[in-house]
Amino acid sequence: MALYPEIVEKHFEKIEKIAEETLSDQQEIRCLDKRCNKNREALRQLQTNPNCLSSKSWVCVGNLFIRLPTHEVKKNIEQDMLDVSLIEYSDKLKS
């Protein structure tokens, strides 16, 4: 049974496309996981470190350092952790 080269080529193109999407999704999951871990570390520091219990804390936003009220920093970090959509990417990889 001879297979036509065009059919085989299209099949391999589909496989390669799916593999590239999977690899990019896995990379995105790793980046989001690192971000989530850093947020968790920051929250823990703000809760336990006596130097961070002051009324204001320094925060790096992009390339800018800003001094904000500590309760606002905690709120922003917690909101950022909720926004991270690891579940979405994990479900996408499973399907």
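As a reminder, the structure under discussion sits directly above these lines.
None of these values were measured; they are calculated from a predicted model.

## Digging into the overall build of the chain
Looking only at helices and strands, the chain features three helices and two strands. When the helices and strands of the chain are placed in sequence order, the string is α-β-β-α-α. The buried share among the 95 residues of the chain stands at 17%. Sequence-distant contacts, at least 24 apart, represent 56% of the contacts inside the chain between residues at least 6 apart. Total accessible area on the chain is roughly 8100 Å²; 56% of this is exposed by carbon and sulfur atoms.

## Some thoughts on the nonpolar core
Nonpolar side chains in soluble globular proteins generally cluster together in the buried interior. In this structure, Leu43, Leu46, Val59, Val73 and Ile77 together form the largest nonpolar core, which totals five residues. Sorting the residues of this core by element identifies helix H1 (5-48) and helix H2 (70-83) as the ones contributing at least two each. Ignoring sequence-local partners within four residues, the contact set of Leu43 consists of Lys74, Ile77, Glu78 and Met81.

Rules used throughout
Residues numbered from 1 in each chain as written. Predicted model: local features only at pLDDT ≥ 70, side-chain atom pairs only at ≥ 80, totals over all residues. Heavy atoms only, no water. Helix = DSSP H or I, 4+ residues; strand = E, 2+ residues; numbered from the N terminus. Buried < 20%, exposed > 50% of the residue type's maximum accessible area, 1.4 Å probe, protein only. Contact = heavy atoms within 4.5 Å. Areas by Shrake-Rupley, 256 points an atom, 1.4 Å probe, with all protein chains shown as cover. Core = buried A, V, L, I, M, F, W, Y, C linked by side-chain atoms within 4.5 Å.

Spatial relationships are all this shows, so hold off on functional conclusions.
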